[in-house]
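One letter stands for each residue in the lines below.
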Amino acid sequence: MKLTCVQENLSKALSVVNRAVATRTSLPVLSNVLVATERSMLKLSATNMEISTTVMVGCKIDSEGAVTVPARMLSDLVSQFDAGPVDFELNPETLELSLSSGKYNATLKGISADDFPPLPAAEPGTVLRIDAATLKQMIDLSTIATATDDSRPVLAGVSISISPDSLVFAAADGYRLAIKKLNAETDVGRGVQIIVPRSSMLELSRILGDTNEEVEIVISPQATHAAFQVAGIQMISHLIEGQFPNYEQLVPTDCSTRLLLSTAEFSKATRIAAIFARSGSNVIRLEIDAGEADGGTVSVSAESADIGGNSGVIDAEVDGEQAFIAFNARFLGECLGTIHTEEVEVQLSGATSPGLIRPRGDDSYTHVIMPMHTVR
C-alpha cells in the first residue's frame, strides 16, 4: 500500500472513527484502526463490537493494501503534522506502516488486516432517508430519557418506530418518558420498530454535527443491525432485542391543572433550586397558585437540611386547580434544556400523578416525568 492524502481531511476522519475504538479489550486488534484502500479512496474503520464506524477519505493511491495500526497513536501523530500531504507506505512483510509529512517521518507497527473483525454489512432492508438536522433533533430530544444501566436492556436504547406516514422516537428509564414524532412520508411499505442503544444514538448525534446533508438509514431484514450513512461516514450499530414498553399508555390524557409559563424563567428558577436540591434529596417542589382570573404564579423551591433552601416565584397562566408536585431536579432541568420555545406547557393531575411537559404549541414532543413523594 502506498498513498498520499491531505492532513486536515485525515485528521478529521480519524477523530470520527476513533470514538468507535474499543477502550477496554483483551483483543489488541480492537484497539487499532483499519487502514485500507477501497474504491480509489482511503478507508478508515474501527469497531468496539457494538458500533462500527467507517470514513472514506479522498487520496492519491499508488498501490493497494490494508493493515491495522494503533488508533490513538495514529490520530495523535497525524494531528501534530503540518497542513499538507501525508504519505503512507506499508511494508507487507513486516506490517510496518511508514508515514511522512514535511520534515517528519514515523513508523507504526501493525497487525494484519485479516485479524480485524469483519464489519457488519449494510444489508438491503428497510431504507429511510431523512434530513440530518431533523434526525439530530429527534435523537437529542429522546436520548436524555434512556436508562444508563442494563438492568432492563430494552430501556437502555431509543425506540424508533417507522410507519408509511410517520417516524417516532421514544425513550424511557422508568422515571421519565420522552417522545418525539415526525409526520412525514417515509416511503416505508410496512411498520418497523427497532431499539437502538443509547451509546449509538449519542455517537450518531456527534457525527451529524451541523451537517445539513441527507442521512440514509438501512435496517437489516432480521432487524439485528442498522446502518446510518451521511457525508462519507457510515456508522453501523447492533440493535437491542426485545419488546419496548407500550409508552402511549404512560402519557397522561387528563389534567386538573394546566400551566403556561416562560421557558427561560422556569429554567432559571429550576437551575437555582437545583443548587440546593443536589445537597439534599435532589427534590424540587412546585407550588401552583391559580391566583386571579388573569394570571397565577408558580413557586419553585428546594431545601437541604445541611445547606439551607431557596424559593423563586414566577408568573404563569394557570388553568384549573391549585396544585403541588415535586420532581427530580436533574430530570426537570434536562427536560427544560430540550425546549427552545418561548413558553412551556405543563399539565398536572395531582401530587402523585406524572407531570406532562411540552413546548407550547408543539404536540410533536412530549416529556413525562414521574413525581417524587415528599412532605409538603
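Along every chain, residues carry numbers that run from 1 in the direction the sequence is written. Given that the model is predicted, a residue must reach a pLDDT of at least 70 before its local features are reported, and side-chain atom pairs must reach 80 or more before they are shown or counted; all residues, however, enter totals for whole chains, interfaces and linings. Side-chain measures were taken over the full set of non-hydrogen atoms in the model, leaving aside hydrogen atoms and water.

(A) Layout of the overall build of the protein chain. The numbering of helices and of strands both runs from the N terminus, where a helix is a DSSP run of H or I of at least 4 residues and a strand a run of E of at least 2. A tally of regular secondary structure across the protein chain gives six helices and 25 strands. When the backbone C-alpha atoms are referred to their principal axes, the protein chain occupies close to 80 × 50 × 35 Å. Relative to its 376 residues, the protein chain shows a buried fraction of 48%. Note on contacts: a residue pair is in contact if any heavy atoms of the two residues lie within 4.5 Å. Taking the contacts inside the protein chain whose residues are at least 6 apart along the sequence as the reference set, 67% of them involve residues at least 24 apart. Working definition of accessibility: Shrake-Rupley area with a 1.4 Å probe, residue cover restricted to the visible protein chains. Counting only carbon and sulfur atoms, one obtains 48% of the accessible surface of the protein chain, whose full area is about 18300 Å². Neither His nor the chain termini are counted; the positive set is Lys and Arg, and the negative set is Asp and Glu. The location of each charge is read from NZ of Lys, CZ of Arg, CG of Asp or CD of Glu. Computed over 28 positive and 47 negative side-chain charges, the inter-centroid distance for the protein chain is 5 Å. Only protein chains enter the accessibility calculation, which uses a 1.4 Å probe. A residue is then buried if its area is under 20% of the maximum for its type, exposed if over 50%, and partly exposed in between.

(B) Representation of the nonpolar core. The nonpolar core is taken to be a set of buried Ala, Val, Leu, Ile, Met, Phe, Trp, Tyr and Cys residues, with the residues joined through side-chain atoms within 4.5 Å. In terms of nonpolar packing, the biggest core is built from 95 residues, with Val35, Leu44 and Phe266 touching the most fellow members. If you look at the next biggest cluster of nonpolar residues, it comprises 15 residues, including Leu155, Val168, Ala172 and Tyr247.

(C) View of helix H2 (residues 71-80). When we look at burial in H2, the residues that qualify are Ala71, Leu74, Ser75 and Val78. Looking straight down H2, one finds its buried side chains confined to an arc of 95°; they lie on one side. For H2, the exposed residues set more than 90 degrees away from the buried face come down to Arg72 and Gln80. Where H2 is buried, its residues meet helix H1 (7-17), strand S2 (32-38), strand S6 (66-70), strand S8 (96-101) and strand S9 (104-109). The reported arc concerns the directions from the helix axis to the C-beta atoms and nothing else.

(D) Focus on the packing of aromatic side chains. Pairs were defined over the aromatic rings of Phe, Tyr and Trp, the Trp ring being its six-membered one, requiring ring centres within 6.5 Å. Orientation was assigned from the angle between planes: stacked under 30 degrees, edge-to-face over 60, tilted for the rest. Scanning all chains against the criterion turns up two aromatic pairs. Ring centres of tyrosine 175 and phenylalanine 331 lie 6.2 Å apart, and the angle between their planes is 35°; this geometry places the pair in the tilted category. Taken together, the residues tyrosine 175 in the loop between strand S12 (166-172) and strand S13 (176-183) and phenylalanine 331 in helix H6 (residues 329-337) connect sequence positions 156 residues apart. By relative accessible area, which is 52% here, tyrosine 175 ends up exposed. Owing to a relative accessible area of 8%, phenylalanine 331 belongs among the buried residues under this scheme. Taking the centre distance of 6.1 Å and the plane angle of 70° together, the rings of phenylalanine 244 and tyrosine 247 count as edge-to-face.

(E) Local environment of the sheet that holds strand S21 (residues 308-320). Should DSSP find at least two bridges between two strands, the strands are taken to pair. Across the sheet, which stays open at both edges, the 12 strands sit in the order S14-S11-S12-S13-S25-S24-S23-S18-S21-S20-S19-S22 with antiparallel pairing between neighbours. Of all strands in the sheet, those with a lone pairing partner are strand S14 (192-197) and strand S22 (323-328), marking the two edges. For this sheet, the mean inter-axis angle between neighbouring strands, taken without regard to orientation, is 25°. Sheet topology note: the strand S20 (residues 296-304)/S21 ladder contains nine bridges and is antiparallel. Across the sheet, valine 300 pairs through a bridge with glycine 312, a residue of S21. Of the strands in this sheet, strand S11 (157-163), S12 and S14 are in contact with helix H4 (residues 198-208), which crosses S14 at around 85°. To get an axis, fit a line to the C-alpha atoms, keeping to the stretch in contact for a helix; angles then go from 0 to 180 degrees between the N-to-C directions.

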